[in-house]
Amino acid sequence: MLLRHARSLLFLPASNARAIAKVRTLPCDLVILDLEDAVPDDRKEEARAGALEALAEGFGRRLTALRINVEGTPWHGAEMIAAKQSAADYVVLPKVESTKQVKDVFSVTQKPVIAMIESARGVLAVPQIAAGEGTAALFMGTNDLRQDIGIPASADREGLTLSLQAVILAARAAGIAVFDGVFNRLDDEAGFEAECMAGHRLGFDGKTLIHPSQVPVANQVFGPDAQAVADARRLIEAATGGAERFEGRMVESMHVEEARALIARADAVGM
């Protein structure tokens, strides 16, 4: 699977052996072993060892990533070395505000970096970050971004709209994947589905998750619709080049390219 085809990207503490075992039974597309916020300071070394062991064992066909702590923390250097030695496909770097942060991690780990945009400075610098050396994708860090901007925790996402669109535009301009932030209210399934649908309409490729129960909804919302896939196959078969009429609408080469991309995504997720 290509990273841009991932629908569900699940964070789990690298110190939680039970969660690591369970995720191997889940249909998530990307497993993110977390060494940062999800792990207490006194368990960082234990989590690092657990992550290396889990990644060596593998997660089947799922993509894998290791989220490390930022520069300036006591664990950053050791975690970069661990990431380089690990079998992770990607390194997730939190609180990115400059291209240098990504480049430094990429140069040490020799693994593509997923940059988390979690601050006003990060949003303003995101065009350079997205196009910078080593950046493979962008994550929205909506929790920290809310706090940095000053948006009340009880407010909806209206105040984040400009930031969300800025990050998506930067990713598309750089030709990389981009994923929506996490949803915290675990008992609000309707709210989670609504946020997934809103993120999908904005242009995100998938959604980062914090609980296994969120995986099926993310897969459904961000996965190709079966009818849309069938329509795409008919369009490709019928297309002869240039602008033409197809099932009551006008289509051109752009629509054929969209149809091929949709089918590729469907094939990647096993539809």
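What counts and what doesn't
Residues numbered from 1 in each chain as written. Predicted model: local features only at pLDDT ≥ 70, side-chain atom pairs only at ≥ 80, totals over all residues. Heavy atoms only, no water. Domains from an automatic or database assignment. Buried area = accessible area lost by both parts, 1.4 Å probe. Polar contact = N/O pair within 3.5 Å; in protein donor to acceptor, adjacent residues only side chain to side chain. Nonpolar A, V, L, I, M, F, W, Y, C, P; charged D, E, K, R; others polar. UniProt positions renumbered as here; feature names shortened; annotations may be inferred. Helix = DSSP H or I, 4+ residues; strand = E, 2+ residues; numbered from the N terminus. Buried < 20%, exposed > 50% of the residue type's maximum accessible area, 1.4 Å probe, protein only. Contact = heavy atoms within 4.5 Å. Core = buried A, V, L, I, M, F, W, Y, C linked by side-chain atoms within 4.5 Å. Expected span 1.5 Å × (residues − 1).

So, the domain arrangement of the protein chain
By a frequent convention, interface size equals the accessible area lost on bringing the separate parts together.
Reasoning step 1: Assigned domains within the protein chain: domain 1 (3–222) and domain 2 (226–269).
Reasoning step 2: Taken over C-alpha atoms, the centre of domain 1 sits 31 Å from the centre of domain 2.
Reasoning step 3: Taking both sides of the interface into account, the surface hidden between domain 1 and domain 2 amounts to around 430 Å²; carbon and sulfur atoms contribute 43%.
Reasoning step 4: Of all residues in domain 1, the largest losses of buried area upon contact with domain 2 belong to His-5, Arg-7 and Phe-222, amounting jointly to 82% of the total for that side.
Reasoning step 5: Our count for the contact surface shared by domain 1 and domain 2 stands at three residue pairs in polar contact (both at pLDDT 80 or more).
Reasoning step 6: By residue class, the composition of the side of domain 1 that touches domain 2 is two nonpolar, one polar and four charged.

Quick notes on the UniProt feature "domain: HpcH/HpaI aldolase/citrate lyase" (unreviewed entry) in the protein chain
Reasoning step 1: Cross-referencing UniProt, the feature "domain: HpcH/HpaI aldolase/citrate lyase" (unreviewed entry) maps to residues 7–212 in the present numbering.
Reasoning step 2: Taken end to end, residues 7–212 is 44% helix and 19% strand, and its two terminal C-alpha atoms sit 13 Å from one another.

Some thoughts on the environment of Val-92
Reasoning step 1: Position of Val-92 among the secondary structure elements: in strand S4 (residues 90–93).
Reasoning step 2: Judged by relative accessible area, which is 0%, Val-92 ranks as buried.
Reasoning step 3: Separated by 27 residues in the primary sequence, Val-92 and Ala-65 place their C-alpha atoms 6.5 Å from one another.
Reasoning step 4: Ignoring anything within four residues of it in the chain, the contact list for Val-92 reads Ile-32, Ala-65, Leu-66, Arg-67, Ile-68, Ile-114, Met-116 and Phe-139.

Considerations on the nonpolar core
Reasoning step 1: In this structure, Val-23, Leu-33, Phe-59, Leu-66, Ile-129 and Leu-138 are the most contacted members of the largest nonpolar core, which totals 56 residues.
Reasoning step 2: Leu-138 has contacts with Ile-114, Ala-115, Ile-117, Val-126, Ile-129, Ala-130, Val-167, Ala-171, Ile-176, Ala-177, Val-178 and Phe-179, leaving out every residue within four places of it along the chain.
Reasoning step 3: In this structure, Leu-9, Ile-32, Ala-65 and Tyr-90 belong to the second largest nonpolar core, which totals 18 residues.

Some thoughts on helix H11 (residues 253–268)
Every α-helical turn comprises 3.6 residues, leaving residues that sit three or four positions apart pointing alike.
Reasoning step 1: Here H11 is 16 residues long and its end C-alpha atoms lie 23 Å apart, about the 22 Å a rise of 1.5 Å per residue gives.
Reasoning step 2: Restricting attention to buried positions, one finds in H11 the residues His-255, Val-256, Ala-259, Ile-263, Arg-265, Ala-266 and Ala-268.
Reasoning step 3: Here the buried face of H11 lies against helix H9 (215–222), helix H10 (226–238) and strand S10 (249–251).
Reasoning step 4: Within two residues after H11, Gly-270 carries a phi angle of roughly 85 degrees, on the positive side.

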